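Survey of secondary and tertiary structure
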Amino acid sequence: RKEVEQDPGPFNVPEGATVAFNCTYSNSASQSFFWYRQDCRKEPKLLMSVYSSGNEDGRFTAQLNRASQYISLLIRDSKLSDSATYLCVAYTGRRALTFGSGTRLQVQP
Amino acid sequence: EAGVTQFPSHSVIEKGQTVTLRCDPISGHDNLYWYRRVMGKEIKFLLHFVKESKQDESGMPNNRFLAERTGGTYSTLKVQPAELEDSGVYFCASSQGQAQEGGAGELFFGEGSRLTVL
């Protein structure tokens with residue numbers, strides 16, 4: 001079983017839609033969580049950290065449920081520029097970061 | 001400020017040959033990481049340097065892979081001899097602090113070195 005699991009998608013949504021990605025992790029010792037964004041043939045870039053209380057950054061909201069070992073990312077009012085692969089990432093204190101396979105989002109005009 | 005730079009951006013070699021990938025981290029970043037993404041799989045950790053010391057190399061697949069970071073600046077990752085299954089994108093990342101909660105120690109990635117072994 002993968003340590004971090006994501007639905008690979010693709011999620012095809014119209015501009016302006018709200019879309020949610022889910023991610024589960026298997027290692028209960030995971031301490032911190034992040035969402036990274038990766039554009040096609042580019043490097044991953046940190047989108048946002050995920051805090052236990054949930055956090056919001058503009059149109060993006062991240063939630064963490066430690067009891068269910070579940071992380072989510074909500075994107076409101078989708079823009080064409082949001083099209084990318086979203087990587088769910090866990091940090092367990094060793095082995096640096098553990099990445100999910102990514103969820104591909106395609107926002108259509 | 002220059003980001004993490006990697007060279008070459010793409011390398012095509014034959015099975016059995018040797019390839020050396022280079023990573024220049026962001027200046028002042030003590031932590032340097034190598035990751036790899038093979039086709040259709042997730043990005044996987046290979047190893048972590050703190051300055052010139054290997055902090056964790058538990059992700060290195062086998063002894064055909066050798067990473068160095070002499071002087072604690074740039075790093076090289078050598079694959080010798082290369083096998084077909086080594087094909088993929090090799091990412092280097094650097095950070096000031098270690099990856100941890102709150103965004104401190106955020107990893108900055110290079111664009112990757114794509115390796116194709118024929």
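Residues numbered from 1 in each chain as written. Chains lettered and ligands numbered in written order. Predicted model: local features only at pLDDT ≥ 70, side-chain atom pairs only at ≥ 80, totals over all residues. Heavy atoms only, no water.

Quick notes on the state of the cysteines
Residue and element names in this part refer to chain A.
- Per the stated rule, a full pass over the model turns up two disulfides over all chains.
- Covalent S-S linkage joins Cys23 and Cys88, the inter-sulfur distance amounting to 2.0 Å. Here Cys23 and Cys88 share a disulfide; its torsion about the S-S bond, -75 degrees, makes the bridge left-handed. Taken together, the residues span a long stretch of sequence, with Cys23 in strand S3 (residues 19-25) and Cys88 in strand S9 (residues 84-91) at a distance of 65 residues.
- Note on Cys23: relative accessible area 0%, which makes it buried.
- Take Cys88: its relative accessible area is 0%, and that puts it in the buried class. (Disulfide = S-S within 2.5 Å. Helix = DSSP H or I, 4+ residues; strand = E, 2+ residues; numbered from the N terminus. Buried < 20%, exposed > 50% of the residue type's maximum accessible area, 1.4 Å probe, protein only.)

Topic: the sheet that holds strand S1 (residues 4-6) of chain A
All names here are of chain A.
- The five strands lie next to each other as S1-S3-S8-S7-S6, forming an open sheet whose pairing is antiparallel. Only two strands of the sheet have a single partner each, and these edge strands are S1 and strand S6 (55-57). Between one strand axis and the next, the sheet turns through 20 degrees on average, direction left out of account.
- Sheet analysis places S3 next to strand S8 (residues 70-75), joined by six bridges and oriented antiparallel. Paired with Val19 across the bridge in S8 is Ile75. (Pairing = 2+ DSSP bridges. Axes fitted to C-alpha atoms, helices over the stretch in contact; angles between N-to-C directions.)

Let's talk about the interface of chain B and chain A
- Each side of the interface is counted separately: chain B has 22 residues, and chain A has 22 residues.
- At the boundary of chain B with chain A, total buried surface from both sides reaches about 2000 Å², with 52% on carbon and sulfur atoms.
- Taken together, the connections running from chain B to chain A amount to two salt bridges.
- Linking A:Lys42 and B:Glu111 is a salt bridge whose minimum nitrogen-to-oxygen distance equals 3.4 Å.
- For the pair chain B and chain A, the interface holds five residue pairs in polar contact (both at pLDDT 80 or more).
- The element contributing the most residues to the side of chain B that touches chain A is strand S4 (residues 31-37) of chain B, with three residues.
- By residue class, the composition of the side of chain B that touches chain A is eight nonpolar, seven polar and seven charged. (Contact = heavy atoms within 4.5 Å. Buried area = accessible area lost by both parts, 1.4 Å probe. Salt bridge = Lys/Arg side-chain N within 4 Å of Asp/Glu carboxyl O. Polar contact = N/O pair within 3.5 Å; in protein donor to acceptor, adjacent residues only side chain to side chain. Nonpolar A, V, L, I, M, F, W, Y, C, P; charged D, E, K, R; others polar.)

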